[in-house]
Amino acid sequence: MTRTAEQAWDFLQPLYAENLTDRLHVTLTYAQSMDGIIAGPQGQQILISGKDSMVMTHALRLNVDGIIIGINTLINDSPRLTGRADYVGEDYLATHKQPTPVVLDTKLRFPLDALLLKNAATKQGKPPIIFTGVDQRDDKYSAQWRQLEDAGAHIYTVGVDTSGHLNLEEVCQNLKSRGMERVMIEGGASVIKTCLASFGLLDAVVVTIAPTWIGNGITIQNPLSKEVSCFEISKYEDIFGKLTHSLVALNANVQQRAIPTIRSRRGYGSQHFELVGRQYDETSYISSTLCQEF
Ligand SMILES: NC(=O)C1=CN([C@@H]2O[C@H](COP(=O)(O)OP(=O)(O)OC[C@H]3O[C@@H](n4cnc5c(N)ncnc54)[C@H](OP(=O)(O)O)[C@@H]3O)[C@@H](O)[C@H]2O)C=CC1
Ligand SMILES: Nc1nc(O)c(N)c(N[C@@H]2O[C@H](COP(=O)(O)O)[C@@H](O)[C@H]2O)n1
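Since the structure is predicted, the reported quantities are computational estimates derived from the model, not experimental observations. (Residues numbered from 1 in each chain as written. Chains lettered and ligands numbered in written order. Predicted model: local features only at pLDDT ≥ 70, side-chain atom pairs only at ≥ 80, totals over all residues. Heavy atoms only, no water.)

1. Details of the overall build of the protein chain
Phase 1: Scanning the protein chain from N- to C-terminus turns up ten helices and twelve strands.
Phase 2: Looking at the protein chain as a whole, 51% of its 294 residues are labelled buried.
Phase 3: Looking at the protein chain alone, contacts between residues at least 24 apart form 77% of all its contacts between residues at least 6 apart.
Phase 4: Surface summary for the protein chain: the accessible area is close to 13400 Å², and the carbon and sulfur share equals 49%. (Helix = DSSP H or I, 4+ residues; strand = E, 2+ residues; numbered from the N terminus. Buried < 20%, exposed > 50% of the residue type's maximum accessible area, 1.4 Å probe, protein only. Contact = heavy atoms within 4.5 Å. Areas by Shrake-Rupley, 256 points an atom, 1.4 Å probe, with all protein chains shown as cover.)

2. A closer look at helix α8 (residues 168-177)
Phase 1: Those residues of α8 lying buried are L168, V171, C172, N174, L175 and K176.
Phase 2: N-cap assignment for α8: the residue whose side-chain oxygen lies 3.0 Å from the backbone N of E169 is N167.
Phase 3: Positioned one or two residues after α8, G179 has a phi angle of 95°, which is positive. (Polar contact = N/O pair within 3.5 Å; in protein donor to acceptor, adjacent residues only side chain to side chain.)

3. Some remarks on the site of ligand 1
Phase 1: Ligand 1 sits among 26 residues. The nearest are A31, G43, T73, T106 and S190.
Phase 2: Here a nitrogen atom of ligand 1 sits 3.0 Å away from a polar atom, N or O, in the main chain of I38.
Phase 3: Starting from 930 Å² of accessible surface for ligand 1 in isolation, the protein chains cover 88%.
Phase 4: Among the elements of the structure, β1 (25-33), β2 (37-39), α3 (71-77), β7 (182-187) and α9 (189-197) are those that each provide at least two residues to the shell around ligand 1.
Phase 5: By residue number, the principal contributor to the shell around ligand 1 is α3, which donates five residues. (Near = heavy atom within 4 Å.)

4. A few points about the site of ligand 2
Phase 1: Residues in close proximity to ligand 2 total 16 residues, the closest being I48, S49, R61, D77 and R84.
Phase 2: A distance of 3.4 Å separates a nitrogen atom of ligand 2 from a polar side-chain atom of T57.
Phase 3: When ligand 2 sits alone it has 520 Å² of accessible area, and the protein chains cover 87% of it.
Phase 4: Looking at the shell around ligand 2, the elements with two or more residues in it are α2 (51-61) and α3.
Phase 5: With three residues, the single largest contributor to the shell around ligand 2 is α2.
Phase 6: When its residues are assigned to classes, the shell around ligand 2 shows seven nonpolar, four polar and five charged. (Nonpolar A, V, L, I, M, F, W, Y, C, P; charged D, E, K, R; others polar.)

5. Looking at the pattern of salt bridges
Charged atoms that come close allow side chains of opposite charge to pair.
Phase 1: Here the structure, examined in full by the defined rule, presents four salt bridges.
Phase 2: The salt bridge partner of E186 is R61, with a shortest N-O separation of 2.7 Å. Linking E186 in strand β7 with R61 in helix α2, this pair joins segments that are 125 residues apart in sequence.
Phase 3: Residue R61 is classed as buried on the basis of its relative accessible area of 9%. (Salt bridge = Lys/Arg side-chain N within 4 Å of Asp/Glu carboxyl O.)

6. Topic: the environment of R84
Phase 1: Along the chain, R84 turns up in the loop between α3 and α4 (85-88).
Phase 2: We classify R84 as buried; its relative accessible area is 18%.
Phase 3: Taking the C-alpha atoms as reference points, R84 and Q45, separated by 39 residues in sequence, lie 19 Å from one another.
Phase 4: The residues touching R84, leaving out its near neighbours within four places in the chain, are H58, R61, G89 and L93.

7. So, the pairing of β1
Phase 1: Judged by how many residues are buried, β1 sits mostly within the fold: nine of nine residues are covered.
Phase 2: Along β1, one buried face is formed by H25, T27, T29, A31 and S33 and the opposite face, lined by V26, L28, Y30 and Q32, is buried too.

8. Quick word on a negative patch on the surface
Phase 1: Among the surface-exposed residues, E6, D10, D86, E90 and D91 lie close enough to one another that they form a single negatively charged patch.
Phase 2: Of all the elements in the fold, those that place two or more residues in the negative patch are α1 (5-12) and α5 (90-94).
Phase 3: Following the sequence through the fold, D86 ends up in helix α4.
Phase 4: By relative accessible area, D86 is classed as exposed at 62%. (Patch = residues over 30% accessible without salt bridge, like charges linked within 9 Å, V, L, I, M, F, W, Y side chains within 5 Å. Lys, Arg positive; Asp, Glu negative; His and termini not counted. Charge placed at Lys NZ, Arg CZ, Asp CG, Glu CD.)

The following block contains the structure:
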């Protein structure tokens, strides 16, 4: 069975029930294997999600104002960051707006041949926003800045925190001030780790965990033991338990692993977990696509 975009969005609705008016609603979303791998050893893109999970990702993309990624993901993958009819269907696509791509790029390394710029030029996607830590007046960056703007990008300088990374709170405030209400953060590993370590930044986490062990690659956490039983997947809750909402969408024939999948928490420290878990998929559909490289 393949989910429709409407079904996928219905499934995600509990994460968006609250009406946040004063701050940006931020969803962290990514796909990982059971051993926490999100990309190949040299950062090669790996197809981890199954078809239904991709429908969910693309439906989500079409229900947010912006998609944030780190500069390495842009350089490695040159993603499109659009919602596409292949996954959501023409009708859904026609009735939803495309998100604005947002790239975290401290040193303005954004390549001029990136697909995001080409797609913006041909109106297949919105012009990207680049957040950087450099100053437009700095001679070292002014030419690149101008070329990127000429190619359609909007560039904003934000603060750099003590780890040398862009301050994500400031990024979110900036996007909110530009009229955005909801964004999703799609990765990669470094950005995911920053987000998971920044309690208070995230409102929701949507993770696809494919029931496979990749064994070697870019990981977002210490690999669990390969002897792990199905139910030990709940170890992920150590991380997710700190979040306001979290959702684990298992994407294949792993009913026995269908532990409660949405956790909602109000007020950090209150020890109150509200369990509203649901399993996303009911049938197997993914095994033929697991771990194939693009
Ligand atoms: N399976 C999945 O769902 C996904 C997988 N991926 C994979 O992830 C891989 C890339 O991951 P990775 O190499 O870790 O790179 P990222 O895409 O996470 O980019 C990291 C870079 O972003 C910049 N950056 C700026 N601000 C921040 C911040 N606050 N926190 C973290 N980084 C920041 C830094 O570079 P600088 O200092 O130059 O600004 C940093 O080195 C790709 O191979 C891609 O295929 C990506 C997305 C989703
Ligand atoms: N949801 C999801 N599942 C996977 O298996 C993935 N490998 C990814 N990767 C992310 O999607 C980006 C590609 O986007 P486009 O299809 O080009 O729009 C890639 O850069 C990762 O961010 N996601």
